[in-house]
Amino acid sequence: MTRLFTLLLVAGMALAACQPAAPTIGADGQPIPRAYRIGTREAAQLPFRMLDSVNALRGASSLPLLELDAQLTAAAATHSRDMQVQNRPWHFGSDGSSPVDRVRRVGYTGELVGEVISETYETELETLGAWMAKPDTRRVIMSPDARKMGFSWFQEDNGKIWWTLVLGS
């Protein structure tokens, strides 16, 4: 009986050691978020994960599915980097350019449907969730006119990510 008790005690302690570390709690009583780090391997998958996620939302609403567009992605990448340089999330470039100007510069011949941006430490899917929770950004993502998507980001050394999603017709 002692042997069985000892075995169960050791097994219980071993399982307890497998528990993930408790999150650090901030002054507000909420867990302190950890920065999401984008690795090299993951970076190649991100645009496709975002495309699949956006298309799942659009498909559920019977909207046309989107295709990734290299030119819109180039415009998104330029703007993500520029927002980081300016240290503010907004739709105008440091040179005064608008989203329309940026898509024209990369040679996109379709119409700009819209641009959504974010400054965060969250994953692309958490960011998409935040965009979908706001009527203005949701309207862009769910526009029935959209057919093409560009998506990019810039991540700072501290983990902050500047996300940009551009939709075109």
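Note that the structure is a prediction, hence the values are computed from the model and not measured.

Rules behind the numbers
Residues numbered from 1 in each chain as written. Predicted model: local features only at pLDDT ≥ 70, side-chain atom pairs only at ≥ 80, totals over all residues. Heavy atoms only, no water. Helix = DSSP H or I, 4+ residues; strand = E, 2+ residues; numbered from the N terminus. Buried < 20%, exposed > 50% of the residue type's maximum accessible area, 1.4 Å probe, protein only. Contact = heavy atoms within 4.5 Å. Pairing = 2+ DSSP bridges. Axes fitted to C-alpha atoms, helices over the stretch in contact; angles between N-to-C directions. Salt bridge = Lys/Arg side-chain N within 4 Å of Asp/Glu carboxyl O. Core = buried A, V, L, I, M, F, W, Y, C linked by side-chain atoms within 4.5 Å.

## Examining the overall build of the protein
Phase 1 of the analysis: Within the protein one finds six helices and four strands.
Phase 2 of the analysis: If you list the helices and strands of the protein from N to C, you get α-α-β-α-α-β-α-α-β-β.
Phase 3 of the analysis: Looking at the protein residue by residue over its 169 residues, the buried ones come to 38%.
Phase 4 of the analysis: Of the contacts formed within the protein by residues at least 6 apart in sequence, a portion of 66% connects residues at least 24 apart.

## Examining the sheet that holds strand E4 (residues 161-168)
Phase 1 of the analysis: Spatially, E1-E3-E4-E2 is the arrangement adopted by the four strands of the open sheet, whose pairing is mixed. Looking at which strands have only one partner, the edges of the open sheet turn out to be strand E1 (67-68) and strand E2 (112-120).
Phase 2 of the analysis: Packed on one face of the sheet, helix H2 (residues 40-60) meets E1, strand E3 (148-155) and E4 and runs near 135 degrees to E3.
Phase 3 of the analysis: Strand contacts of helix H5 (residues 124-133): E2, E3 and E4, with the helix running at about 120 degrees to E2, the strand carrying the most contacts.

## As for the pattern of salt bridges
Phase 1 of the analysis: Using the criterion set out here, one finds eight salt bridges in the structure.
Phase 2 of the analysis: One salt bridge connects Arg104 with Glu111, and the closest N-O pair in it is separated by 3.9 Å.
Phase 3 of the analysis: Since its relative accessible area comes to 38%, Arg104 is described here as partly exposed.
Phase 4 of the analysis: Ionic pairing is found between Arg139 and Asp136, a salt bridge with its closest N-O pair at 2.7 Å. A residue pair is termed a helical-turn pair when its members lie 3 or 4 positions apart in one helix, as Arg139 and Asp136 do in helix H6 (residues 135-141) at three residues.

## Some thoughts on the nonpolar core
Phase 1 of the analysis: One finds Met50, Val54, Trp131, Ile141, Met149, Trp163 and Leu165 to be the most contacted residues of the largest nonpolar core, which totals 23 residues.
Phase 2 of the analysis: Those elements that provide at least two residues to this core are H2, H5, H6, E3 and E4.
Phase 3 of the analysis: Apart from residues no more than four positions distant in its own chain, Ile141 is found in contact with Val54, Arg58, Val116, Leu128, Trp131, Met132, Leu165 and Leu167.
Phase 4 of the analysis: By size, the runner-up hydrophobic cluster in this structure holds six residues, among which are Leu72, Ala75, Ala76 and Tyr108.

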